[in-house]
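Reading the structure
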Amino acid sequence: MPRFENRADPFALGLEEMTLEVEEMTDEPALSQPSLIDRTFTALQMLIGEQPALSYPHQINCIAGWLLYLHPPAQRFDFLLDAISKIVNTIPITELNHDPQWHDSSYWGLPLLVSGFVGNWVTFARPYQQSLTDSDQYVRWWHLVRWVDQFLPGFRGHRDTTTLWDVLSAYQAGGATESDVMFYLLGAEERIIESDQTPGTAEAKANLRTSFQDLSHLTRRNVTEVYAAYPFLIALADRARQRILAIELQRGDLPTAGSHAALSLKSIVGMSTVIQLLQSFDRNKLVRHYSYNSLSKASVFSHLMRISFPAADDTPAEFALRVQSAQIKLENLIQFAFYAPQWVNYIEQALGWDGFAEAVWWFHAHTKDNGWTVEADVRETWVAQISERTPLSARSLVEGAVDVAWFHRLYKRLNADRWQQLYEAAQYASSGAGHQRAKLFADAMLGNLDTKSLRDRITHKRHQDSIRALGLLPIANGKSRDRDILDRHQVLQDFLRTSKKFGSQRQASEKLAVAIGMENLARTAGFVDPQRLQWAMEAEAIADLVGQAQVVTVEEVSVSLAITTEGNPEITVEKAGKPLKAIPAKLKKQPDIQRLTARRQEITQQASRIRLSLEQAMCRGDRFTATELVQLAKHPVLFPMLSQLVLIGDSEVGYLVEQGTALQNHSQVVTPIQSAELRIAHPHDLLLQDWHLWQQDCFNVDRIQPFKQVFRELYLPTAAEQSEPACRRYEGHQVNPRQALALWGQRGWIAAPEEGVRRAFHAEGLIAAVEFLNGFYTPLEVEGLTIAGVRFHHRDDWKALPLNKIPPCLFSEVMRDLDLVVSVAHQGGVDPETTASTVEMRAALVRETCRLLKLHNVQLQKSHVLIEGQLGSYSVHLGSAIVHRQPGGALCIMPVHSQHRGRLFLPFVDNDPKTAEVVSKVLLLARDKEIRDPTVLEQLL
C-alpha cells in the first residue's frame, strides 16, 4: 500500500527551532499554535497509523502486488475507493485554498507531499478498474479522480490523473454529462500557481492548459481503432475542432485560450477554413522552422494550414471561384502550394498554370529535408503523391538522385517567368535550407551554372551536392558527346580516389555522392537504366582483369586476383609455387594486398547490382539493341549472367552465344540475331515457347540463372477474374503490418494513408493498389492487416480497370509481390508455404530432377509428391515439406539447410532452403534402401 512519509525541508526551521528563535529575539515565551498545514499532516498520519520502517520496501511492494494479482480479494476495488475517499475527506481543501502555504509548489512542501500520496493511491487502484462491472463504481471513481485533478496541486498547476476513459465510462453509466466529456477534451482549471505571467493576461489564459493529447488522437485523419470505436467521441471532437477554429480565426496578435488546442489538432478538412486562413494570414509569413510551441498568430495559422486537407465534395473549380472572390494574392497562393502541397491541384486550377502541380511536386521530391516538423501522416501523403510521378524511390531522392525526364517535361509546360516565381517560393518546401539542393539541380539542368565554378567547388571544397549536380549539366552534342561523358566520369572517379585520405564515415558519404552523380549523369545522357552507363564504365575499370590476373608478390607470397569464366572475382595465394588456403595474417595489412582484396569486394558488389538490374530489366521489358549486346558480351562480370538468361526478339528466342551475335534455343540450335532489339524473356513469353522444354534444358546442361527466370512463378487472371475490377484471390489473408510493409517497401510499394499500399508503373501509366478490410492503419495502430484485394487504375483516373486490360507481365509481378508478402509475413492460421505458385515451381523442379536421375517411383499429385520406396510408401508436401508414411503417421526427418548448399542443384542463384529441403527429401525416400541414418531407419523399420 502507498506509504505517507513527511520529508523534512532542509531549508526550513522546525517548530521547536522556530520557537527558540522567537524567544531569543523577544525575550518572551513564544505561543506555539499548530498551523492548518501541520494539523492536516497530523490528521493524515493518524489515519494511516504508525508505519514500520522497512529495509526493503520496494521488494515488499512487488511481492504484495503479485499476491494481490494471484489471489485477488473480494470487493477489492470497493475497499480502494473507500480508502481514497477517506483520505480525501481528511483534507480540509476549502480552508487550505485560503492558506498561502498550500499554494507553495516547492519540492519539500507538504502540498506536493499530500498530492503525491493521494496520487499513489490512485495509481495503485487503477489496474483494478479494468475489472469493474458496476456502473456506480465507474461514477464514484470518476468523481474521485476528478476531485484530485481539480483541487490537489501538480506540476505548475497541471494534473492528468483523470483519463478520457474515466469520464467516458462515467458518461455511459449516467454519472457524467456531455459537458463533462467536452470539458475533459478542452477545459482548464483556474488555479493559483507560480508563474512568470501576470494572471488575467492573454498569455496566462492561453497557458492554463497546454496538453490536449486525446484531442490530437481524435482529430487525426486516420483515427485509431481504440478511438474509432466511439462515434460519440469523434463527433464531440469535431465540435471542439470547429469551436477552436472559430476562436482562432477571430484572434489578433495575442494568443487565445484556444491557441494551444489549435496546435494540438492533427487535421482540418474543407476549403472554407483554408480560404479564411489565407485571408487572415495576408501580412504574415509562413513559419517554416520548428516554432517550439510558439503561440504567435503566424505559428498557429501555419500549423493549421499545413494540416488542412480538401473535403470529399470540394472541387478545384469551386476553390478557384472562392479564391478569386476572396482576392487572395498570387504570391500567397504559390507559397501555400509549397507549404501544403495536398492543395496543389486546387491551386493550379485557381492560377490557371499548366504544369504548376508537377513543378511543386518536383521541388518537394528533390528537397533535402526529412520533414521532421511535419506530421507523419501528412508526410506519407506527400510521399505517395511523389511516387506516382517518378520511378525513383523515396530513399534515392533523399540521397540526391534526380528525375531528369520529369524536370524537362514540366519545364516545357511553364514559361520562364512562372518558373522564376516557383523558384523563389521553393523555400517553403523545407524547414531549413534543404530547398537549395533542388534549386541547384534545376540550375544545373537549365545550364545556369558555371562549369568551372562547379568543378572548383568539387575539387577545393569537396562539395557533395556539386558532385551530384555535375552529371546534370547539359551534355555536348555530336562527336563531343562521348568525350564529355568520359570527362565527367573521370572527375567523379578522381573525387572518389582522393577521398581515401579521410575517415571512414566521410569516405562512405562521398562514395554515395559519386554513385548518385553517376546515376544523374546516366539519366542526363538518356540511358533507360542508369546501370547501363555504370556497366560501360565498370567494364573499362576491370579491363585489366580480362583474360589475365593481377598479381602482387610480397616475401615470396604471390596473391593474384582474376575473374573466372562464371564472372566471379577469385583470389589465389601461392608461396614458392605451392598454393595456400588464405593470405598469411602478417601480409593482410600490406597496402598492395589490401587494395587487391578491396577490389575483389567491389567486383562482388558490382555483380550483385548487375543481377538486380537484369531482373528489373526483365520486369520492365527493357530492350537491348543488337550492337549493345555485342558490347555487353565484352563485360567479364555481366556477360556470364546475361548468357544464362533467355532473350527474345521478333523472331528468335534463346541464350546469347558467339560473343553476343547469336541465340541458342533449348534444342541447342544456334540462330544469328536478326531482330533490331531484344529483351529478357518473361515467363509469360515462355508460356508460348514450350516453357517445360526450357526448364528441362536448365537441368540437362546444369544451367544456373542469376535469378529466377525459367522457374519464375507466373500468375495469370483466371477465367472468372478476366472482367472483374479487382483480384481477390488473397482476400481474407492476414499479414503482420511491420513485416509486410517492409517487404513491400523493398519492392517499390508505398503506404498511402487512408488508402492502402500501392505501386506506380510509370511506363504503363498504371497504379496497382492493395486494399484492406476495415481500412488501412500504420503498424503501430493495429496488430494485423487483412487483405481485401488488388485493383489497377490509370494514374489520373481512379476508376478500376478490368483485369483483362492489365499487361500480363505487370499483373504477374504484382501478384508475385503479394504472394511473397502473404507467404513470409503471414499471420494467424495461414500456411506460408502453400501458395499455388510456390507449389507449381517445386513440382517442376522435382519432375526434372527425377527425370535426370531416372527415378520412376515418384509421381506428382496436386500439392504432394507420392513415392513408392522399397521400405514403404511416402508422401511429401510440396509446400511444407512434411513427410507422411502411407499408411501411418508423419515421419520426422530434420533438415540441415547448410548441407544442401553446393550439393543439391537448383537452377537459380536465389537462396531457397525450403525448396532444397523438399527436393532432398524426395530423393532420400526414393532410394530408401540406401538410408543409413539410424534416426530415420528406426521410423521406417
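Calculation rules
Residues numbered from 1 in each chain as written. Predicted model: local features only at pLDDT ≥ 70, side-chain atom pairs only at ≥ 80, totals over all residues. Heavy atoms only, no water. Helix = DSSP H or I, 4+ residues; strand = E, 2+ residues; numbered from the N terminus. Buried < 20%, exposed > 50% of the residue type's maximum accessible area, 1.4 Å probe, protein only. Contact = heavy atoms within 4.5 Å. Areas by Shrake-Rupley, 256 points an atom, 1.4 Å probe, with all protein chains shown as cover. pLDDT = per-residue confidence, 0-100. Phe/Tyr/Trp six-rings, centres within 6.5 Å; stacked < 30°, edge-to-face > 60°. Lys NZ or Arg CZ within 6 Å of the ring centre and 35° of its normal. Pairing = 2+ DSSP bridges. Axes fitted to C-alpha atoms, helices over the stretch in contact; angles between N-to-C directions. 1 Å grid on protein atoms, 1.4 Å probe; cavity = no way out; pocket = protein on both sides within 12 Å on 5 of 7 lines; lining within 4 Å. Points joined across faces, edges and corners; volume = space filled by probe spheres on them. Nonpolar A, V, L, I, M, F, W, Y, C, P; charged D, E, K, R; others polar. Parallel < 35°, antiparallel > 145°, perpendicular 65-115°, else oblique. Left-handed = near helix turned anticlockwise from the far one by under 90°. Salt bridge = Lys/Arg side-chain N within 4 Å of Asp/Glu carboxyl O. Core = buried A, V, L, I, M, F, W, Y, C linked by side-chain atoms within 4.5 Å.

1. A short note on the overall build of the chain
Looking only at helices and strands, the chain has 40 helices and 24 strands in total. Split into buried and exposed, the 941 residues of the chain put 47% on the buried side. Contacts in the chain between residues at least 24 apart in sequence constitute 67% of all its contacts with a sequence separation of at least 6. For the chain, the exposed area adds up to about 47700 Å²; of that, 51% sits on carbon and sulfur atoms.

2. Quick look at the confidence of the model for the chain
Mean pLDDT for the chain: 83, with 88% of residues reaching 70 or above. pLDDT under 50 marks residues 7–23. Its contacts with residues more than four places away, or in other chains, come to 15 contacts. Below a pLDDT of 50 lies the segment residues 192–197, which in the model reaches 10 contacts outside its immediate sequence neighbourhood of four places, other chains included.

3. Quick notes on the packing of aromatic side chains
The tally for this structure, following the rule as stated, stands at 22 aromatic pairs. Here the aromatic rings of Y171 and F232 are separated by 4.6 Å at their centres, their planes lie at 5°, and the arrangement is stacked. Residue Y171 is located in helix α8 (residues 164–172), and its partner F232 is located in helix α13 (residues 231–249); the two are separated by 61 residues in the primary sequence. Residue Y171 is classed as partly exposed on the basis of its relative accessible area of 29%. Taking 5.9 Å as the distance between ring centres and 80° as the angle between the ring planes, the aromatic pair formed by F699 and F711 counts as edge-to-face. Residue F699 is located in helix α35 (residues 691–700), and its partner F711 is located in the loop between α35 and β13 (726–727); the two are separated by 12 residues in the primary sequence. The exposure classification of F699 matches that of F711, with both residues buried. Through a chain of ring-to-ring contacts, three or more aromatic side chains come together here, namely F338, W362, F363, F407, Y411 and W419. Over the face of the ring belonging to Y423 we find K439, whose NZ or CZ atom lies 4.5 Å from the ring centre.

4. Describing the sheet that holds strand β6 (residues 578–580)
In space, the 4 strands of this open sheet follow the order β3-β4-β5-β6, with antiparallel pairing throughout. At either end of the open sheet lies a strand with only one pairing partner, and these are β3 (550–554) and β6. Across the sheet, the mean angle separating the axes of adjacent strands is 30° when strand polarity is ignored. Sheet topology note: the strand β4 (residues 557–563)/strand β5 (residues 569–575) ladder contains 7 bridges and is antiparallel. Bridging across to β5, S558 finds its partner in E574. Together, β3, β4 and β5 form the strand contacts of helix α31 (residues 591–620), whose direction differs from that of β4 by roughly 20°.

5. Looking at the pairing of β4
Taking burial as the measure, the 7 residues of β4 include 5 buried ones, the bulk of the element. Relative to β4, β3 runs antiparallel, the two being bridged by 5 bridges. Residue V552 lies in a different strand from β4, and its bridge partner there is V559. Between β3 and the antiparallel strand that follows it, β4, lie 2 residues; E555 among them carries a positive phi value of about 50°.

6. Some remarks on empty space enclosed by the protein
Using the criterion set out here, one finds 1 cavity of 30 Å³ or more in the structure. The calculated volume of the largest cavity comes to roughly 60 Å³. Lining the largest cavity are L278, F281, N284, L286, M305, N332, Q335 and F336. The biggest single contributor to the lining of the largest cavity is helix α18 (residues 330–339), with 3 residues. Its residues assigned to classes, the lining of the largest cavity comprises 5 nonpolar, 3 polar and no charged.

7. Describing the sheet that holds strand β8 (residues 646–648)
Across a sheet, paired strands are connected by hydrogen bonds in the backbone, their directions being either parallel or antiparallel. Strand order in the open sheet made by the 6 strands is β7-β12-β8-β9-β10-β11, with antiparallel pairing throughout. The two strands at the open ends of the sheet, each matched to only one other strand, are β7 (623–625) and β11 (670–672). Between one strand and the next, the sheet's axes are offset by a mean angle of 45°, whatever the strand orientation. As paired strands, strand β10 (residues 662–664) and β11 are joined by 3 bridges and run antiparallel to one another. Following the sheet pairing, A662 is matched in β11 by P672.

8. Description of the packing of helix α20 (residues 356–365) against helix α21 (residues 376–387)
At a closest axis distance of 10 Å, the pairing of α20 and α21 adopts a crossing angle of 115°. In this view, α20 runs roughly perpendicular relative to α21, as classed from their interaxial angle. The chirality of how α20 crosses α21 is left-handed. Packed against α20, whose contacting residues are W361, H364 and A365, the element α21 presents W382, Q385 and I386 at the interface. Along the lines of polarity and charge, the residues of the contact of α20 with α21 split into 4 nonpolar, 2 polar and no charged.

9. Some details on unusual backbone geometry
At E556, a position not held by glycine, the phi torsion is positive, near 65°. Within the secondary structure layout, E556 lies in the loop between β3 and β4. When its relative accessible area of 58% is taken as the criterion, E556 is described as exposed. Residues other than glycine seldom take positive phi values, yet D702 does so here, at roughly 55°. Following the sequence through the fold, D702 ends up in the loop between α35 and β13.

10. Let's talk about the pattern of salt bridges
Within this structure, the stated rule accounts for 34 salt bridges. The closest approach of N and O atoms between R523 and E519, which form a salt bridge, is 3.2 Å. Of this pair, R523 and E519 both sit in helix α29 (residues 504–524), separated by 4 residues, roughly a single helical turn. Residue R523 is classed as buried on the basis of its relative accessible area of 18%. Salt bridges linked by common partners bring R437, D465 and R468 together as one network.

11. Side note on the nonpolar core
Residues F338, F356, W362 and L422 are the most contacted members of the largest nonpolar core, which totals 115 residues. In terms of residue count, α20 provides more of this core than any other element does, 8 residues in total. With residues near it in sequence (within four places) discarded, F338 still touches V360, F363, H364, L422, A425, A426, Y428 and A429. Grouped together as the second largest cluster of nonpolar side chains are 38 residues, L545, I563, F639 and L647 included.

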